[in-house]
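If you want the building blocks of each chain, they are given just below.
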Amino acid sequence: MILHGTARSVDPAAGGRRLPLSPLLALATAVFITSLTETLPAGLLPGIGADLGVGESAAGQLVTIYAIATAVTAIPLTSATAGWRRKRLLLTAMTGFGVANTVTAVSTSYPLTMAARFVAGVAAGLAWALLAGYARRLAPAHLQGRAMAVAMAGIPVALSLGVPAGTFVGKALGWRTAFWSMTALTAVLIAWILASVPDHPGARRRDRAPILGALRVPGVAPVLVVTLVFVLAHTILYAYIATFLDRYGMGASAGSVLLVFGIASLVSIWVVGAHIHRRLRTLALAATLLVAAAAAVLAQFADSPAAVYAAIALWGLGWGGVPTLLQTAAGEAGGARGDAAQAMLVTLWNVAMAGGGVVGGVLLARFGPASFPRSVLVLMAPVLLVVLAARTHGFRNARPVSTAPSGSGNGVPDAR
């Protein structure tokens, strides 16, 4: 979910010692739009289905097609656009979101709406392979973790505040209004990017390497394995959290539960941003253990509202910084091939999201909602083992800041 994640160059806009907040907040808004565009239909399925003349199950595929589009296009598009200047690529991705959400807002045809959602997923593949690494390139080396954390704050804000707000707008003013709102926000963001986000060059042709070749770089494979399994575990529970809460008589509290999750996630992002430069491995282990602990509490004490809220807080504290941790780990492990590692991370992230929905559905049908936290607990075991094993490459703590130029040919030092 990041491109150029190995960057150590400092843009003049960063001021050398301070975070360039305006550009970083613009990137955080782009992350917010990307995350919310993916999940917004989930809270609006009845209205969407009624207007398009399909059932809620078919309407739910608007989320699935988005994830599939991102998964199948991230790697080839990242390769094809490796030489593009970063600002041009970011503007292209945001324009794709604007067009896709506008078509979704006006369409009365289910196939056309599905096509628009596919386009949005393609735009997401471009954006996720760019945003976090772009954030790192805007900051001095000692503040790159914090820069990533600021940019990635758009994820929990979208999930904990954006989805409920979009659902409220959709129910009060119609689901089309919610998508029109996304278009308006995207238009504002494009102007913001043009005004305040510095540009960076892409990779020169002679410095590009086959994307799958990054798998041979020590540390990349463990990070990708952790990404696939961790995101799968998270999605199994998150995608069906309303169903899980309803099973234990807390269906009406879903909004407040998500709010607790979002607040805890923001705290996690702040902590990760402050310490990731020296304690990536420690933070990855802590995130794994916190999510496992949350799953254990939910598995044993789901009939206690107090325990549920405590578990959700632990879950948010564990999960909130995970995107930043995984993106940073992939960029650091990939070194000069960090771009390729990020493209594969994007693909596996979305495969895991789509797979989480499918696996969760199977678990619900066969074993009921109580199986969700138990499944998460089982999946976190291999995550913990891989993080523990990848202490030399993939997940390590203090990493020296290199000042020697890498082979990228554009002044980007190698982080390895």
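Here we summarise the structure given alongside this text. (Residues numbered from 1 in each chain as written. Predicted model: local features only at pLDDT ≥ 70, side-chain atom pairs only at ≥ 80, totals over all residues. Heavy atoms only, no water.)

1. A closer look at the environment of glycine 356
Turning to step 1, where the next piece is worked out: Looking at where glycine 356 falls in the secondary structure, it is placed in helix H15 (residues 338–367).
Turning to step 2, where the next piece is worked out: Using a relative accessible area of 0% as the deciding quantity, one classes glycine 356 as buried.
Turning to step 3, where the next piece is worked out: Between the alpha carbons of glycine 356 and alanine 233 there is a distance of 7.0 Å; along the sequence they are 123 residues apart.
Turning to step 4, where the next piece is worked out: Setting aside residues no more than four positions away along its own chain, glycine 356 makes contact with Leu232, Thr235, Ile236 and Tyr240. (Helix = DSSP H or I, 4+ residues; strand = E, 2+ residues; numbered from the N terminus. Buried < 20%, exposed > 50% of the residue type's maximum accessible area, 1.4 Å probe, protein only. Contact = heavy atoms within 4.5 Å.)

2. Looking at the pattern of salt bridges
Turning to step 1, where the next piece is worked out: If you walk through the whole model with that rule in mind, you get 2 salt bridges.
Turning to step 2, where the next piece is worked out: A salt bridge links arginine 176 to aspartate 51; the nearest nitrogen and oxygen atoms lie 3.6 Å apart. Taken together, the residues arginine 176 in helix H9 (residues 175–196) and aspartate 51 in helix H2 (residues 45–52) connect sequence positions 125 residues apart.
Turning to step 3, where the next piece is worked out: Since its relative accessible area comes to 42%, aspartate 51 is described here as partly exposed.
Turning to step 4, where the next piece is worked out: One salt bridge in this structure joins arginine 85 and aspartate 199, with 2.5 Å as the shortest N-O distance. In this pair, arginine 85 sits in the loop between helix H3 (56–80) and helix H4 (86–106) while aspartate 199 sits in the loop between H9 and helix H10 (220–238), placing the two residues 114 residues apart along the sequence.
Turning to step 5, where the next piece is worked out: Taking relative accessible area as the criterion, aspartate 199 reaches 28% and is therefore assigned partly exposed. (Salt bridge = Lys/Arg side-chain N within 4 Å of Asp/Glu carboxyl O.)

3. Quick notes on the nonpolar core
Turning to step 1, where the next piece is worked out: Counting 59 residues, the largest nonpolar core has Trp315 and Phe395 as the members making the most contacts within it.
Turning to step 2, where the next piece is worked out: Counting residues per element, the ones that place at least two in this core are H10, helix H11 (241–247), helix H12 (254–301), helix H13 (305–319), helix H14 (322–334), H15 and helix H16 (371–389).
Turning to step 3, where the next piece is worked out: Per-element accounting of this core gives the leading share, 16 residues, to H12.
Turning to step 4, where the next piece is worked out: Membership of the second largest hydrophobic core comes to 55 residues, among which are Leu44, Ile48, Leu126 and Leu138. (Core = buried A, V, L, I, M, F, W, Y, C linked by side-chain atoms within 4.5 Å.)

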